[in-house]
There are 2 protein chains.
Amino acid sequence: MAVTIRDVARVAGVSTATVSRALNVPGKVDEVTRARVVAVADELGYRPNRAARGLITGRTGNLGLLVPDLANPFFPGLVKGVQSRALEADQQLFVVDTDEDAEAESELVRQLAKQADGLVLCSPRMRPAGLREAVSLAPTVLVNRALPRASSVTFDNRGGAAQLLNHLGGLGHRRIGFLGGPAGSWSAAQRLRGLREAAASHRVTLKELGPVAPTFEGGLGAARVVLQARVSAVVAFNDLVAVGLGQALADRGVDVPGELSVAGFDDIPMAGMLRPSLTTVAMPLHQAGREAVELMLAHLADPELGPQRREMPTTLRERGSTGPAPRPRRAARPDRTRPDRSRRSDDDE
Amino acid sequence: MAVTIRDVARVAGVSTATVSRALNVPGKVDEVTRARVVAVADELGYRPNRAARGLITGRTGNLGLLVPDLANPFFPGLVKGVQSRALEADQQLFVVDTDEDAEAESELVRQLAKQADGLVLCSPRMRPAGLREAVSLAPTVLVNRALPRASSVTFDNRGGAAQLLNHLGGLGHRRIGFLGGPAGSWSAAQRLRGLREAAASHRVTLKELGPVAPTFEGGLGAARVVLQARVSAVVAFNDLVAVGLGQALADRGVDVPGELSVAGFDDIPMAGMLRPSLTTVAMPLHQAGREAVELMLAHLADPELGPQRREMPTTLRERGSTGPAPRPRRAARPDRTRPDRSRRSDDDE
DNA sequence: ATGAAAGCGCTAACAA
DNA sequence: TTGTTAGCGCTTTCAT
């Protein structure tokens, strides 16, 4: 068996209660005794048994983190942020990937809640009722989603979208498409709103396209609808969609961004690995993750604390561009037969 | 407070011991009583307190998973596999991202081991001594790394490399470069070995290039050395490097794969999202993750069980290509829908 | 087949 | 400031 608090007590010549206090409530024990206890504990390599502690305190020392899909490059940054802060607070982290399954989410949350002191739910897909249950089960912080009377960390999607549109507007684009994400998506709504507001003050026409799945495939399948919309720039729901769209356009011989600009959200690492340049709205994922844990800890420390909200700032980024101008491909033959875009009716550039 | 075993016992009119048995050792209790107990437990919504159980059984019901970097697209598939099997076994999963820090790894493993019944260490960067300690702390399964007298799940890198070289050789390539990964890398060595053996029987000259960092940037910076090697095909250490190299070559106006073929390992999702086609050796990550947990559970069930080894088969895949040959650009015709090659590999469900 | 009781390792009253 | 004691929820002998 491992070394227990009794071993430490025996060797240090004190009671187990004193050991416990020395280690947990330093103020309530004589400095000399405390030092001795700590020394002994250290020497014996004592590590408290969290299960035993948890049995009496009701705390597990664990945090639960739920994400819809770890393979989505948006999430690892968040997970890392959450983890870094959790470890600092000496909390271990359960990570659950729900595979985008809104149904499964609820049950997983129930399981998690039982073993964790608090929950961080990232972009939860479940319906509000499910979220409410989660909140009732354990202190919960939502990330990338808001809910009345619940704590959350969100990103300034609206502001970011506005920045993006201002940028495009400044470049001379007058007809811009928004290739929307999934129907009920909260962030898609925010982004659209930001774009609309900015479009108004730029005399830009905003065309709503889609919605499409928030995936590479979603973007891949959207080339046609985008070309038909006769826009000079497209804002995709996120980078994954933007990348898919970019590929589909390239396959059709459309020069990106020469003929058509593509922008996205998230600033996923892949955005920097691609050639058609991509303007994207970056989210401070790591920080958001840390902030979420911070709120959790605050709730743990003070159960009476009301709902807290943090909105993280977003930043416009230019990714993957190799140079200033769109470079024609070398071996490319100049046969650009694209029925839709061949007649330029737009006031590009 | 939550509903405890005593509540169930009282309502069912039996002792707590019987409830415990009914729920855990169905054989040792009368079928009628068992049914009643289960019904009551169910109705009351009883959920065993794992801390209490753990206190007496010494089991936590948790598994620990350690990965070097979740943002590396290689790992999420593995994590998902591990998680899926862990949940089936009613084990919760601690996930720790070590940020490629070999030093931190050891301490994190120590912390993990205390709260988990077993450990799964993916591509651990730590030195053998550290691994030995881990193994001594808790039942441990290594993934993507082997260690004498330790259980592990590895991939058939050698066989995959051989397949790859056969493929390239069959295509007529006679000078092939290997852009190696980090110096001490176990998998890099395996891959090189497989390539060498196959090269011999194909009268192919294998040029060792690099090593480079196993990252996108690593590949990006290798264009020059690759071009100087005057090879007609390059096998990169992994897909990330391959993608970086592909971009760097494209920037220099080299036609991939027309003038130079690029291949990689891992079959990361991104491989399917890119245009210069990429031949890659796919690893059954999801399955490997599940297998790792399987081995863990076997060790848990029988502590006397000796070290187990599994080598997972690898498969050659063609990704991101739009056609068979270096493709002249095609004018956009009425929707020539590309076969959708970008879906995740079948083993990733 | 079932129950009584002990006790896992720890913390938190309550006493001293 | 420190020790004594009870008990968190559960499993597991040991009786019955």
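How each quantity is defined
Residues numbered from 1 in each chain as written. Chains lettered and ligands numbered in written order. Predicted model: local features only at pLDDT ≥ 70, side-chain atom pairs only at ≥ 80, totals over all residues. Heavy atoms only, no water. Salt bridge = Lys/Arg side-chain N within 4 Å of Asp/Glu carboxyl O. Helix = DSSP H or I, 4+ residues; strand = E, 2+ residues; numbered from the N terminus. Buried < 20%, exposed > 50% of the residue type's maximum accessible area, 1.4 Å probe, protein only. Near = heavy atom within 4 Å. Polar contact = N/O pair within 3.5 Å; in protein donor to acceptor, adjacent residues only side chain to side chain. Nonpolar A, V, L, I, M, F, W, Y, C, P; charged D, E, K, R; others polar. Core = buried A, V, L, I, M, F, W, Y, C linked by side-chain atoms within 4.5 Å. Contact = heavy atoms within 4.5 Å. Arc of directions from axis to C-beta. Axes fitted to C-alpha atoms, helices over the stretch in contact; angles between N-to-C directions. Parallel < 35°, antiparallel > 145°, perpendicular 65-115°, else oblique. Left-handed = near helix turned anticlockwise from the far one by under 90°.

As recorded in an unreviewed UniProt entry, chain A goes by DNA-binding LacI/PurR family transcriptional regulator and comes from Kineosporia succinea.

Some thoughts on the pattern of salt bridges
Across all of its chains, the model carries 40 salt bridges over all chains by this definition. Close ionic contact of Arg319 of chain A with Asp267 of chain A constitutes a salt bridge, the shortest N to O distance being 2.8 Å. Note that Arg319 of chain A is positioned in strand E12 (residues 315-319) and Asp267 of chain A in the loop between strand E9 (261-266) and strand E10 (278-282), a separation of 52 residues in sequence. Judged by relative accessible area, which is 17%, Asp267 of chain A ranks as buried. One salt-bridge network, held together by shared partners, links Arg47 of chain A together with Glu107, Arg110 and Glu133 of chain B.

What to know about the protein's contact with DNA strand D
Taken together, 26 residues surround DNA strand D, and among them Thr18, Arg21 and Thr33 of chain A together with Ile5 and Tyr46 of chain B come closest. One of the backbone nitrogen or oxygen atoms of Ser15 of chain A is found 2.9 Å away from a phosphate oxygen of DNA strand D. Within the side chain of Thr18 of chain A, an N or O atom sits 2.6 Å from a phosphate oxygen of DNA strand D. Sorting the residues of the surface near DNA strand D by element identifies helix H2 (16-24) and helix H4 (50-57) of chain A together with helix H2 (16-24) and helix H4 (50-57) of chain B as the ones contributing at least two each. By residue class, the composition of the surface near DNA strand D is 13 nonpolar, eight polar and five charged.

So, the nonpolar core
Core analysis: the biggest nonpolar cluster contains 92 residues, and Leu65 and Val235 of chain A together with Leu65 and Val235 of chain B have the highest contact counts within it. Apart from residues no more than four positions distant in its own chain, Leu65 of chain A is found in contact with Val79, Val82, Leu93, Phe94, Val95, Val96, Leu112, Val120 and Cys122 of chain A.

A closer look at H2 of chain B
One full turn of an α-helix is made of 3.6 residues, so residues set three or four places apart face in the same direction. All names here are of chain B. Among the residues of H2, Thr18, Val19 and Ala22 are the ones counted as buried. Along H2, the residues classed as buried sweep out an arc of 100° about the axis, all on the same side. Structurally, H2 contributes buried residues whose contacts are with helix H1 (5-12) and helix H3 (31-44).

Concerning the packing of helix H1 (residues 5-12) of chain A against helix H3 (residues 31-44) of chain A
Residue and element names in this part refer to chain A. Where H1 meets H3, the closest approach of the two axes is 9 Å, and the angle between their N-to-C directions is 125°. When the axes of H1 and H3 are compared, the pair comes out oblique. For the crossing formed where H1 meets H3, the hand is right-handed. Contact with H1, carried on its side by Asp7, Val8, Val11 and Ala12, involves Arg36, Val37, Val40, Ala41 and Leu44 of H3 and no other residues of that element.

A few points about the packing of H1 of chain A against H2 of chain A
All names here are of chain A. Where H1 meets H2, the closest approach of the two axes is 8 Å, and the angle between their N-to-C directions is 100°. The orientation of H1 with respect to H2, classified from their angle, is roughly perpendicular. Along the contact surface, H1 presents Ile5, Arg6, Val8 and Ala9, while H2 presents Thr16, Val19 and Ser20. Of the residues that constitute the contact of H1 with H2, the class distribution is four nonpolar, two polar and one charged.

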